[in-house]
Structures are given as C-alpha cells and as structure tokens.
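# A look at the structure
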Amino acid sequence: MKFSDCEELYSREGLREFLRTFDIRPNEDVGQHFLLDRPTISAICKAAGGGETVLEIGAAMGTLTCLLKESFSTIYAVELYGGFREAFKKVNPEKNVRFIEDNVLDLDFSELVSGGAEGNKLVGNIPYNITGKIFRKAIGSRDLFDKAVFTLQREVADRILAEPGTRDCSRMSYLARAYGEVSRVIDVPPEYFYPQPEVFSTVLEINFSRKRGLEVNENLFDRLLRGSFTHRRKTIRNGLTSTPEFSFTREEVESVLERAGIDSGKRPEELTLGEFARLAGQIEVESEN
C-alpha cells in the first residue's frame with residue numbers, strides 16, 4: 001500500500017474492509033471505537049500543530065497517524081493491543097513512525113522524548129475508564145510536552161471545561177487550570193466512529209504551562225483534590241475528615257481550614273483554584289510542624 005491508501009480508512013466501508021483483511025474485530029468492551037471522519041481527524045491534527053515529536057495514545061491501525069506524520073519528525077504510536085501491528089505497518093511503513101505495543105500508563109515517556117517540551121505533543125482517543133489516569137500522567141509530563149489533544153467522552157470533557165467553583169466542575173477542572181489552559185476543539189457525534197459508541201465525544205486541547213503561580217507541592221495538591229472530590233457532596237470539612245488520603249482528626253481539619261481562610265461549610269466545587277492551592281500550602285506547613 002502507498003500513503004494514499006490511508007484514504008481508504010476514512011470511509012465506513014473502506015475501514016470495515018481493511019479490518020476484515022487483517023482479521024481485526026473491534027472490542028467495544030475496551031473502548032475500541034475507531035474515528036473515521038476525515039475532517040474531524042484533520043481538526044485534531046490542526047490542533048496538535050506540528051513539531052519534533054508526537055506521542056499518539058491508542059493508535060490502533062493508524063488512522064490518525066496517517067495525517068500526524070505529515071507534520072511531525074518522529075511519531076511514537078502507542079497501542080495496547082499487538083493485533084494492530086501488521087495493519088498499522090501496512091499504512092504507516094515510514095522509518096520515523098514507531099509502533100509501540102505497551103500500556104501507556106506503564107510507559108516511561110522520558111525514555112522516548114527528551115530535549116524539552118517545545119514542539120512535542122500528546123495526542124489520543126482516550127478510553128473513558130482511564131481518562132483520569134491518562135490526564136494526570138499528561139499533566140505530570142508537561143516538562144516533555146507543551147500540548148495535549150485528547151478525544152474524550154463529551155460528558156467528561158464538559159466537566160473538565162467547567163470553571164472551578166461552579167456546580168459542574170470536577171477534580172480535573174482544577175488540574176487542567178492549575179497547569180495549563182484547556183479549550184474545546186470540536187464535538188464528535190457517534191456516527192463518526194466505527195463501531196458507533198452510544199455517546200458523543202469531544203476533542204480537547206490542553207496547552208501546558210510550567211508557571212501558573214501555584215507554589216504548591218504537586219503530589220499534595222493532587223491528593224487534596226482527589227480526597228475532596230471523592231466526597232464532593234460533603235462539605236470540605238467532612239470530606240477531609242473522612243478521606244483516606246489524609247489522617248486528619250476533625251479538630252485538625254477545622255484548624256487547617258481556618259488558617260487557610262477557607263469556609264469549612266463549603267463543598268469542594270465551591271472553592272476557587274486559589275483556595276485549593278492555599279489549602280494545600282497550609283496542609284504542607286502543618287505536616288512539617
């Protein structure tokens with residue numbers, strides 16, 4: 001096959017025939033829904049821009065890779081299921097495109113990408129059940145990548161996009177804004193995938209920034225958000241008292257909230273990003289005393 005044969009993957013019949021050729025059967029139980037709408041794939045590539053290296057999460061048979069390789073010098077296409085390797089290589093035979101059979105959560109990005117974040121991107125269609133884990137790993141890797149472009153379930157994307165301190169916000173709303181800027185690229189209807197999922201998807205662009213003015217311990221900040229939003233319907237006081245992330249007594253929680261200037265009767269989603277950062281800083285001070 002030549003590069004132009006990638007175009008066969010952007011029609012439902014062409015993709016189905018391609019999969020049959022390699023005896024590939026999509027496993028919907030693990031989130032295998034292949035994006036085949038070319039304008040949407042082009043929008044993802046446009047959002048990613050170009051540069052030195054792109055690490056693609058969930059590459060499958062390389063539908064997105066076909067366009068990404070036009071704008072990047074090196075492509076690492078990560079795919080958990082090795083059954084896609086032959087099909088992937090058929091349409092992406094270039095030497096600068098490397099198929100990596102691995103779980104992205106186990107992969108050490110620093111072994112693949114070096115030289116600073118400028119020009120390096122993360123791109124992928126993210127399974128719903130590991131969205132949070134991949135999102136946190138992406139944020140933790142912002143010294144290696146300056147941008148991530150992820151396709152997510154729209155409901156999850158909406159929670160990430162919700163402003164901190166509003167009813168619909170989530171733990172990831174705070175993480176996204178603590179370490180970068182997040183925006184919606186495009187919404188994707190189910191019929192643009194094969195097989196069709198039952199939900200809409202959304203492509204998000206996250207531009208990472210290493211200087212956001214939050215002088216707090218990142219691990220502690222993440223634990224605070226995790227512990228708070230595990231009990232998001234409780235007050236921040238009751239949530240921090242009951243979360244396994246910390247071993248506070250009720251009196252200690254009352255003290256740290258008071259010293260941080262936080263209303264103990266607020267729920268987690270009612271706190272601003274600055275308040276969570278201030279609270280994390282106060283917890284760190286208390287733990288050192």
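This is a predicted model, so every value here is computed, not measured. Per chain, the residues get numbers from 1 upward, laid out in the order the sequence is written. In keeping with the model being predicted, local features are shown solely for residues with a pLDDT of at least 70 and side-chain atom pairs are shown and tallied solely at 80 or more, while totals for entire chains, interfaces and linings include all residues. In computing side-chain values, all of the structure's heavy atoms are included and hydrogens and water are not.

Think of it this way: any DSSP run of H or I at least four residues long counts as a helix, any run of E at least two long counts as a strand, and we number them from the N terminus. The residue Lys147 is located in strand β6 (residues 147–153) in this model. Its relative accessible area of 13% is what places Lys147 among the buried residues. N or O atoms closer than or at 3.5 Å make up a polar contact, with two conditions inside protein: a donor-capable atom paired with an acceptor-capable one, and, for residues adjacent in sequence, both atoms drawn from side chains. A polar atom in the side chain of Lys147 sits 2.6 Å from the backbone oxygen of Ala47. Looking at Lys147, its side chain comes within polar contact range of the side chain of Glu205, at 3.2 Å. Pairs of residues are marked as contacts when any of their non-hydrogen atoms sit within 4.5 Å. The contact partners of Lys147, leaving out residues within four places of it in the chain, are Ala47, Ala48, Asn120, Lys121, Leu122, Glu205, Ile206, Asn207 and Phe208. Buried means the residue's accessible area, taken with a 1.4 Å probe over protein chains only, is under 20% of the maximum for its type, while exposed means over 50%, and partly exposed covers the values in between.

The next point concerns helix α10 (residues 250–260). Buried within α10 we find Val253, Val256, Leu257 and Ala260. Looking straight down α10, one finds its buried side chains confined to an arc of 100°; they lie on one side. Those residues of α10 that are exposed and aimed more than 90 degrees away from the buried face are Glu251, Glu258 and Arg259. Contact partners of the buried residues in α10: α9 (236–242) and α11 (273–288). Two residues or fewer past α10, Gly261 is found with a positive phi of approximately 75°. Working definition: the arc comes from the directions between the helix axis and the C-beta atoms, pointing outward to the latter.

Take the state of the cysteines next. What counts as a disulfide here is a pair of cysteine sulfur atoms lying within 2.5 Å. Under the definition given, this model contains 1 disulfide. Covalent S-S linkage joins Cys6 and Cys66, the inter-sulfur distance amounting to 2.0 Å. One disulfide, between Cys6 and Cys66, carries an S-S torsion of -65° and so falls in the left-handed class. In this pair, Cys6 sits in the segment before α1 (12–21) while Cys66 sits in helix α3 (residues 65–68), placing the two residues 60 residues apart along the sequence. For Cys6, a relative accessible area of 1% corresponds to the buried category. Residue Cys66 is classed as buried on the basis of its relative accessible area, which comes to 0%.

A separate point is helix α8 (residues 218–229). For α8, which comprises 12 residues, the first-to-last C-alpha distance of 17 Å matches the rise-based estimate of 16 Å (1.5 Å per residue) to within 8%. Each element contacted by the buried residues of α8 is listed here: α5 (131–140), α7 (171–179), α9 and α11. With a side-chain oxygen positioned 3.0 Å from the backbone nitrogen of Asn219, the residue opening α8 is Asn217. The length a helix should cover is 1.5 Å for every residue beyond the first.

To continue, consider the packing of aromatic side chains. Stacked, tilted and edge-to-face are the three classes applied to pairs of Phe, Tyr and Trp rings, where Trp contributes its six-membered ring and a pair requires centres within 6.5 Å; stacked means planes under 30 degrees apart, edge-to-face means over 60, and tilted covers the rest. Summed over all chains, the structure comprises 9 aromatic pairs. Ring centres of Phe109 and Phe145 lie 5.7 Å apart, and the angle between their planes is 90°; this geometry places the pair in the edge-to-face category. Placement of the pair is Phe109 in the loop between β4 (97–101) and β5 (120–125) and Phe145 in the loop between α5 and β6, with a sequence separation of 36 residues. One exposure class covers both Phe109 and Phe145, and it is buried.

Leu55, Leu122, Phe150, Ile160, Phe221, Phe276 and Leu279 are the most contacted members of the largest nonpolar core, which totals 58 residues. Dropping the residues within four chain positions of it, Ile160 is found in contact with Phe135, Leu152, Ser170, Met172, Ser173, Ala176, Arg177, Val182 and Leu204. What we call a nonpolar core is a set of buried Ala, Val, Leu, Ile, Met, Phe, Trp, Tyr and Cys residues that are connected through their side-chain atoms within 4.5 Å. Listed in part, the 39 residues of the second largest apolar core include Leu36, Val54, Met61 and Leu68.

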